[in-house]
Amino acid sequence: MSSLVTRLFTRPSWLSPKVARTEILAGLVVALALIPEAISFSIIAGVDPSVGLFASFTMAVVISIVGGRSAMISAATGAIALVVAPLAREHGLSYLIATVILGGLFQIVLGSLGVAKLMRFVPRSVMVGFVNALAILIFLAQVPELIDVPWPVYPLFAGGLVLMVLFPKLTKVVPAPLVSIVALTVLTIAAGIAVPTVGDKGALPSSLPSPGVPEVPFTFGTLALLAPYALAFALVGLMESLMTAKLVDDITDTRSNKTREAIGQGVANIVTGFFGGMGGCAMIGQTMINVKTAGARTRLSTFLAGAFLMILCIVFGPLVSQIPMAALVAVMVLVAFGTFDWHSVSPATLRRMPWGEIIVMVVTVAVVVATGNLAIGVVVGSITAMVIFARRVAHLVEVTAVVDPDGTQVVYAVTGELFFASSNDLVYQFDYANDPERVVIDLTDAHIWDASTVAALDAISTKYESRGKAVEIVGLNKHSARMHAKLSGGH
């Protein structure tokens with residue numbers, strides 16, 4: 001009871017003036033960075049810019065309440081846009097909205113089934129590859145904004161980078177990206193410099209989104225059409241969100257509730273769908289701005305990022321439209337460089353790291369950059385890691401033979417983990433023709449993991465018995481004995 005009273009009357013950390021200032025300014029910086037990206041992702045999905053902006057607003061606000069990872073930013077993303085783009089192009093916005101709602105339901109189901117626990121099987125080398133690939137994707141996404149543009153863009157871009165690097169040396173009270181955006185905007189407006197602006201990306205909404213139900217036929221045919229897109233939507237969104245949550249855990253040295261985050265993503269997408277948004281998931285670039293650059297740590301920054309986004313669009317739309325893209329590109333380029341794990345590619349690290357780890361990291365990066373899809377890269381990287389691990393463990397199995405002095409019995413001592421990759425060669429480790437009449441296979445220092453190993457032991461027994469020799473398997477631990485008794489063909 002006393003702990004409950006203490007919890008009720010303890011002031012949340014974000015109410016302290018210092019923390020609140022950090023969270024408010026972080027939310028404002030993230031909101032400014034969200035606007036052009038949300039518009040760009042809307043274009044990728046083939047829908048009006050307001051659809052992406054509404055999604056970013058509702059995702060951020062809802063996930064700040066129901067999510068499992070504080071300070072993580074969820075909004076409209078490129079990965080989600082790529083998943084729903086074909087459906088929006090062929091069937092229209094209503095079907096896209098219905099897919100978002102169904103995808104949210106899938107995420108709640110998957111989250112409730114414990115899909116978040118699968119994150120423990122993502123190896124460290126895949127995580128490093130994921131982070132580095134993410135940094136490369138963030139950087140590559142900015143390159144088009146620096147090609148075939150008026151020459152003043154380049155000094156503005158360079159000036160923004162210099163300002164963000166040097167300003168923190170003076171003070172960290174105000175986030176450097178916010179100072180850079182404001183300074184470059186004032187400069188371009190005051191000097192009348194003509195450069196690409198946020199307004200060139202598309203029109204900003206002038207009112208809040210209103211709830212509604214997608215106008216699609218409620219039939220089995222519609223469900224069959226939407227289900228594959230919705231499932232892909234759910235899986236991609238969950239994978240990116242859970243990987244981002246794990247990354248924020250590492251940066252902040254805190255632990256998040258991945259199951260709550262998975263279910264929260266589903267809830268946020270359902271709400272977003274009913275408010276006419278294109279859906280979304282965790283945004284790694286904006287999360288890095290929030291957590292690493294601005295130093296935010298609570299849910300307040302996530303909530304305010306969404307709230308400020310709508311305020312900036314509706315109240316300050318004309319002013320926000322004049323923000324030069326060069327300022328926002330400079331922010332994202334700095335985020336990319338700060339996100340990349342430079343230590344992982346240093347010569348000293350590469351010399352120490354096992355070759356298998358390097359291959360997994362490189363494969364993850366290559367697949368993500370080639371496909372532009374972080375989820376595919378993580379899956380391929382994890383599979384590569386499993387194959388390399390299986391190959392490595394398979395070579396750790398040893399078989400040594402000791403013949404009794406009287407020559408009537410041979411004992412084969414098997415050491416190591418026995419599974420499909422290691423047990424396939426086990427059959428060839430025995431001298432069937434020349435061994436004595438009695439053969440003992442000692443598995444005291446081994447462990448049986450699968451049916452392939454039991455089948456291999458059966459094959460060994462059969463080969464000896466066909467030559468009139470007796471085989472005895474000893475030293476099985478409880479798990480191995482149970483599996484052998486259950487799966488053995490009677491030998």
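What counts and what doesn't
- Per-chain numbering applies: the sequence of each chain, read as written, is numbered from 1 onward.
- Totals for whole chains, interfaces and linings use every residue, but because this is a predicted model, local features are given only for residues with pLDDT of at least 70 and side-chain atom pairs only at 80 or more, for both listing and counting.
- Excluded from the side-chain calculations are hydrogens and water; all other atoms, namely the structure's heavy atoms, are used.
- Helix and strand definitions here come from DSSP, where helices need a minimum of 4 consecutive H or I residues and strands a minimum of 2 consecutive E residues; each element is numbered from the N-terminal end.
- Accessibility here uses a 1.4 Å probe with only protein chains present; expressed as a share of the type maximum, an area under 20% marks a residue as buried, one over 50% as exposed, and anything in between as partly exposed.
- What sets the accessible areas is the Shrake-Rupley method with a 1.4 Å probe; for residues, cover comes only from the shown protein chains.
- Any two strands are treated as partners once DSSP identifies two or more bridges connecting them.
- A crossover counts as right-handed when, viewed with the strands pointing away from the observer, the path leading from the first strand over the helix to the second turns clockwise.
- To obtain an axis, a line is fitted to C-alpha atoms, over the contacting stretch when the element is a helix, and the angle between two such axes runs from 0 to 180 degrees between their N-to-C directions.
- Patches draw on residues past 30% relative accessible area with no salt bridge. Two like charges within 9 Å are joined, as are two nonpolar side chains (Val, Leu, Ile, Met, Phe, Trp, Tyr) within 5 Å.
- The working definition used for a salt bridge is a side-chain nitrogen of Lys or Arg within 4 Å of a carboxyl oxygen of Asp or Glu.
- Centre distance within 6.5 Å is the pairing criterion for rings of Phe, Tyr and Trp, where only the six-membered ring of Trp is used; planes under 30 degrees apart are then read as stacked, over 60 as edge-to-face, and the remainder as tilted.
- Put simply, a charge is over a ring when the Lys NZ or the Arg CZ is close to the ring centre, within 6 Å, and near the line of the ring normal, within 35 degrees.
- Here, nonpolar core refers to any group of buried Ala, Val, Leu, Ile, Met, Phe, Trp, Tyr and Cys residues whose side-chain atoms link them within 4.5 Å.
- We call two residues contacting when some pair of their heavy atoms lies within 4.5 Å.
- A helix's residues, less one, multiplied by 1.5 Å, set its expected span.
- What is called the bend at a residue is the angle between a pair of axes, fitted to the seven residues leading up to and ending at it and to the seven starting from it.
- N or O atoms within 3.5 Å of each other form a polar contact, as long as, within protein, one can give a hydrogen and the other can take it, and as long as residues adjacent in sequence are counted only when both atoms are side-chain atoms.
- Orientation is classified from the angle alone, with under 35 degrees giving roughly parallel, over 145 giving roughly antiparallel, 65 to 115 giving roughly perpendicular, and any other angle giving oblique.
- A crossing counts as left-handed when the near helix is turned anticlockwise from the far one by less than a right angle, and as right-handed when that turn is clockwise.
- Gly falls in the polar group here, along with every residue not listed as nonpolar (Ala, Val, Leu, Ile, Met, Phe, Trp, Tyr, Cys, Pro) or charged (Asp, Glu, Lys, Arg).

1. With respect to the overall build of the protein
(1) Moving on: Helix and strand content of the protein: 20 helices and six strands.
(2) Moving on: Projecting the C-alpha coordinates of the protein onto the three principal axes gives extents of approximately 100 × 60 × 60 Å.
(3) Moving on: For the protein, the residues scored as buried account for 51% of the 491 residues in total.
(4) Moving on: Of the roughly 22400 Å² of accessible surface on the protein, a fraction of 67% belongs to carbon and sulfur atoms.

2. A look at the pairing of strand S5 (residues 438-448)
(1) Moving on: Examined bridge by bridge, strand S4 (residues 409-418) and S5 share nine bridges and lie parallel to one another. Counted as the bridge partner of Tyr412 is Ile441 from S5.
(2) Moving on: Two elements, S5 and strand S6 (residues 470-474), share five bridges in a ladder whose sense is parallel. Residue pairing in the sheet places Val439 in a bridge with Val471 of S6.
(3) Moving on: As a crossover connection, the stretch from S5 through helix H19 (residues 451-465) into S6 is right-handed.

3. Some thoughts on the sheet that holds S4
(1) Moving on: Taking strand neighbours across the sheet as the criterion, the four strands line up as S3-S4-S5-S6 in an open arrangement whose pairing is mixed. Each edge of the open sheet is held by one strand with a lone partner, namely strand S3 (398-403) and S6. Averaged over all pairs of adjacent strands, the angle between strand axes in this sheet comes to 20°, irrespective of strand direction.

4. Details of a nonpolar patch on the surface
(1) Moving on: A surface patch of nonpolar side chains, amounting to about 580 Å² of accessible area, comprises Phe139, Leu140, Phe337, Trp342, Val345, Leu350 and Val369.
(2) Moving on: Tracing the backbone through its elements, the reader meets Val369 in helix H16 (residues 355-371).
(3) Moving on: Exposure remark for Val369: the relative accessible area of 30% places this residue in the partly exposed category.

5. So, the packing of aromatic side chains
(1) Moving on: In this structure the tally under the stated criterion is eight aromatic pairs.
(2) Moving on: Ring geometry for Phe430 versus Tyr464: centroids 6.3 Å apart, planes at 90°, classification edge-to-face. Here Phe430, found in the loop between helix H18 (420-423) and S5, pairs with Tyr464, found in helix H19; they are 34 residues apart in sequence, far enough to count as distant. Like Phe430, the residue Tyr464 is buried in the burial classification.
(3) Moving on: Relative to Tyr464, the ring of Tyr432 lies with its centre 4.8 Å away and its plane at 55°, an arrangement referred to as tilted. Of this pair, Tyr432 sits in the loop between H18 and S5 while Tyr464 sits in helix H19, and the two are 32 residues apart along the sequence. Each member of the pair Tyr432 and Tyr464 is classed as buried.
(4) Moving on: Linked through ring pairs, Phe139, Phe337, Phe340 and Trp342 together constitute an aromatic cluster.
(5) Moving on: Lying across the ring of Tyr432, Lys463 places its NZ or CZ 5.8 Å from the centre.

6. A short note on the nonpolar core
(1) Moving on: By size, the foremost hydrophobic cluster in this structure holds 100 residues, and its most contacted members are Ile35, Leu53, Leu96, Phe130, Met278, Ile289 and Leu309.
(2) Moving on: The element best represented in this core is helix H2 (residues 17-45), accounting for twelve residues.
(3) Moving on: Setting aside chain neighbours within four positions, we find Leu309 in contact with Ala31, Leu34, Ile35, Leu53, Ser56, Phe57 and Leu304.

7. Here we look at the environment of Val267
(1) Moving on: With respect to the helices and strands, Val267 occurs in helix H10 (residues 258-274).
(2) Moving on: Overall, the relative accessible area of 28% leaves Val267 in the partly exposed class.
(3) Moving on: Separated by 201 residues in the primary sequence, Val267 and Val66 have C-alpha atoms spaced 7.7 Å apart.
(4) Moving on: Those residues within four positions of Val267 in sequence are excluded, and the remaining contacts are Val62, Val66 and Ile108.

8. As for helix H7 (residues 153-170)
(1) Moving on: Over its 18 residues, H7 extends 26 Å from the first C-alpha to the last, a length consistent with the 26 Å expected when each residue adds 1.5 Å.
(2) Moving on: Remark: the principal bend of H7, roughly 25°, maps to Met164, with a proline, Pro168, within the next four residues.
(3) Moving on: Within H7 the residues assigned to the buried category are Val153, Leu156, Phe157, Gly160, Met164 and Phe167.

9. Considering the pattern of salt bridges
Close approach of charged atoms allows side chains with opposite charge to pair.
(1) Moving on: In the structure shown here, the tally under the stated rule is five salt bridges.
(2) Moving on: One salt bridge in this structure joins Asp249 and Arg69, with 2.6 Å as the shortest N-O distance. With Asp249 in helix H9 (residues 220-252) and Arg69 in the loop between helix H3 (49-66) and strand S1 (74-75), this residue pair connects regions lying 180 residues apart in the sequence. Exposure class is identical for Asp249 and Arg69. Each is buried.
(3) Moving on: One salt bridge connects Arg124 with Asp250, and the closest N-O pair in it is separated by 3.9 Å. In this pair, Arg124 sits in helix H6 (residues 124-142) while Asp250 sits in helix H9, placing the two residues 126 residues apart along the sequence.

10. A short note on the side chain of Glu145
(1) Moving on: Along the polypeptide, Glu145 turns up in the loop between H6 and H7.
(2) Moving on: Among the polar contacts listed, one links the side chain of Glu145 to the side chain of Lys201, at a separation of 2.5 Å.
(3) Moving on: What Glu145 contacts, discounting residues up to four positions off in sequence, is Val153, Lys201, Met325 and Val329.

11. Regarding the packing of H2 against helix H8 (residues 176-191)
(1) Moving on: Two elements in contact, H2 and H8, have axes separated by 9 Å at closest approach and are oriented at 50°. Classed by the angle they form, the pair H2 and H8 counts as oblique. Two packed elements cross with a definite hand, and for H2 against H8 that hand is left-handed. On H8, the residues that touch Leu25, Leu28, Val29 and Leu32 of H2 are Pro177, Leu178 and Ile181.
(2) Moving on: Taken together, the residues that form the contact of H2 with H8 break down as seven nonpolar, no polar and no charged.

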